[in-house]
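Observations on the three-dimensional arrangement
What follows is the residue order along each chain.
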Amino acid sequence: MSIWNDLARHQRATETRHMQDLFDKAGRAQVFSVQAGQMHLDYSKTNIDAEGRALLVQLAQSAGLAEKRAAMFGGAKINETEGRAVLHIAQRAGEDAVIDVDGEDVMPELRAVRARAYAFAEDVRAGQYPGQGGAITDVVNIGIGGSDLGPAMATLALAPYHDGPRLHYVSNVDGAHITDTLKGLNPETTLVIVASKTFTTIETMTNACTARDWMASQVTDPAAQFVAVSTALDKTAEFGIAPERVFGFADWVGGRYSVWGPIGLGIMIAVGAAGFDAFLAGGRAMDTHFQNAPLAENMPVLLALVGIWHNQLCGHATRAVLPYDQRLARLPAYLQQLEMESNGKRVDMEGRDLPRQSGPIVWGEPGTNGQHAFYQLIHQGTRIVPCEFMLAAKGHEPELAHQHQLLAANCLAQSEALLRGRSFEQARAIMAEKGLTGSDLDRQARHRVFPGNRPSTTLIYPQLTPFVLGQIIALYEHRVFVEGVILGLNSFDQWGVELGKELATAIGPLLEGADASAKDPSTQALVAFVRAHQGA
């Protein structure tokens, strides 16, 4: 507790200074940045100084980060509320890795499933596993949450590497989603992946049945063009999917951490085994860095400590993720689940109320789109929003290098503008040059003042490749883990999703005419409205 108190005192003592003054000391940009391979994280545009960083590192040490990190990589059951190990890292571990859970090495089975998935993916890509009308041209992945957000995000991110069938993703139980996705596809050359560990997820299974009905309209044996990512072999068999087309994963892989394994089957089909191997290698490289780099030089640890400083100490409730890469358009949504489902908790590991705020609200949009939307609030609004910029040094379109230069210039300019701002005197001089005078000059100048002194980090890398994407995802996974350890909560359960699901099951019959009198008056009125208009 004393370290938290020391940090709070230090934050209060330094909160009024301008971050730009920190750059008066030579070398700040180098001292407050960190490398992991060719990936570079600059956190110098924050109000963290040497003393603050030392206290933050001490906070991580006092939370037992090193010991808990070792426990996770060693297969200990650190997900205590569910009695499970946390081994998404095993899915990308090296060929010589040995990881025991309950005295048994889990790696041989994991490698065997991956080999089967690779073989199937290559057969689909080569046309050796065709549809009933020819080679597979389109793959539709049906899942939700971690069974959708990760693979959908990664598929878009790796578009330059696609040389397999087209990939499509369906998650929402809203019939519009699957209708619009299947429209224009050929059932005879479409493969459907149903991703649900239990094969009971209501949204996923409802969409799967709709897809099967759509396929049955033109295909003699629709189940032959279905694949399952599931551990429920009895239920997949009932659906008609042969066991050789079922790919499972253990309960020590949480849904939002599962893109590295069979949940990534669609990615394997899109980019091939070699591309997926490079993706795994990037994640493994970040794992090695996270395990071995000293805390003060450890990229996931420092990113987490910056987050702790901004959220728990400065009181900034939100965090904007701003990738200057259109192909990372789905990354903010992916990180919303990764961070908010993991660390959006209210009690610690012992079930006691947390003594401080838990994880932040995460949101974002690719640049430069966001500049014409919400950057107004970021620059001149009354709330401070810490920003996390991401940028590749070069794109994948050499003939459009001038556009990438413009993109990069915008990214770097935004972080500079957040740091520097524009004073009233500067704004007044600008307006005076335009011919304004007197009270109108001052009034117009005030509208053009930028407070500046607003924090940001920048993650920069050579190019968005499968390897780099693996690094980015693993970086944020470990960042979430570190923040959870420091806050003393369990980052690997998600009980908060249960209550709404339970109540939805109960409300379903009410919408079909059952008695709703036991519900609160608001819900009764809403049910009545839906019922009244369903047949309209």
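For the structure itself, look to the data block above.
Residues numbered from 1 in each chain as written. Predicted model: local features only at pLDDT ≥ 70, side-chain atom pairs only at ≥ 80, totals over all residues. Heavy atoms only, no water.

**A word on the pattern of salt bridges**
- By the definition in use, this model includes 28 salt bridges.
- Here Lys 183 ties to Asp 180 by a salt bridge, and the two come within 3.7 Å at their closest N and O atoms.
- For Lys 183, a relative accessible area of 60% corresponds to the exposed category.
- A network of salt bridges, in which partner residues are shared, links Arg 319, Glu 339, Glu 388, Arg 479 and Glu 483. (Salt bridge = Lys/Arg side-chain N within 4 Å of Asp/Glu carboxyl O. Buried < 20%, exposed > 50% of the residue type's maximum accessible area, 1.4 Å probe, protein only.)

**With respect to helix α7 (residues 149-157)**
- For α7, a buried count of 8 out of 9 residues is recorded, marking the element as mostly surrounded by other parts of the structure.
- Residues Leu 149, Gly 150, Pro 151, Ala 152, Met 153, Ala 154, Thr 155 and Ala 157 constitute the buried set of α7. (Helix = DSSP H or I, 4+ residues; strand = E, 2+ residues; numbered from the N terminus.)

**Some words on the packing of aromatic side chains**
- Considering all chains together, one arrives at 15 aromatic pairs under this definition.
- Among the aromatic residues, those joined into a cluster by ring pairs are Phe 73, Tyr 257, Phe 290, Phe 481 and Phe 492.
- The lysine or arginine in question, Arg 92, covers the ring of Trp 260, its NZ or CZ lying 4.3 Å from the ring centre.
- Sitting above the plane of the Trp 4 ring, Arg 356 keeps its charged end 3.7 Å from the centroid. (Phe/Tyr/Trp six-rings, centres within 6.5 Å; stacked < 30°, edge-to-face > 60°. Lys NZ or Arg CZ within 6 Å of the ring centre and 35° of its normal.)

**Here we look at the environment of Arg 166**
- Relative to the elements of secondary structure, Arg 166 occurs in strand β6 (residues 166-170).
- Expressed as a C-alpha distance, the spacing of Arg 166 and Ile 136, which sit 30 residues apart in the sequence, is 9.0 Å.

**So, the environment of Gln 20**
- Tracing the backbone shows Gln 20 in helix α2 (residues 19-22).
- Among the residues examined, Gln 20 registers a relative accessible area of 33% and is labelled partly exposed.
- Remark: the alpha-carbon pair of Gln 20 and Ala 112, spanning 92 residues in sequence, is separated by 54 Å.
- Sequence-distant contacts of Gln 20, that is, excluding residues within four places in its chain, are made with Leu 419 and Arg 420. (Contact = heavy atoms within 4.5 Å.)

**Points about the pairing of strand β13 (residues 456-461)**
- Counted residue by residue, β13 has 5 buried out of 6 residues, so it is predominantly covered.
- Of the pairings in the sheet, the one linking strand β2 (residues 39-42) to β13 comprises 3 bridges and is antiparallel in character. Across the sheet, the residue bridging to Asp 42 is Thr 458, located in β13. (Pairing = 2+ DSSP bridges.)

**Observations concerning the environment of Gly 381**
- Tracing the sequence through the fold places Gly 381 in the loop between α14 (375-380) and β12 (387-392).
- Judged by relative accessible area, Gly 381 falls into the buried class, the value being 16%.
- Sequence separation between Gly 381 and Ala 26 is 355 residues; the distance between their C-alpha atoms is 31 Å.
- If sequence neighbours within four positions are ignored, Gly 381 has contacts with Gln 376 and Arg 454.

Note that all results are geometric; they support no functional claim without further evidence.
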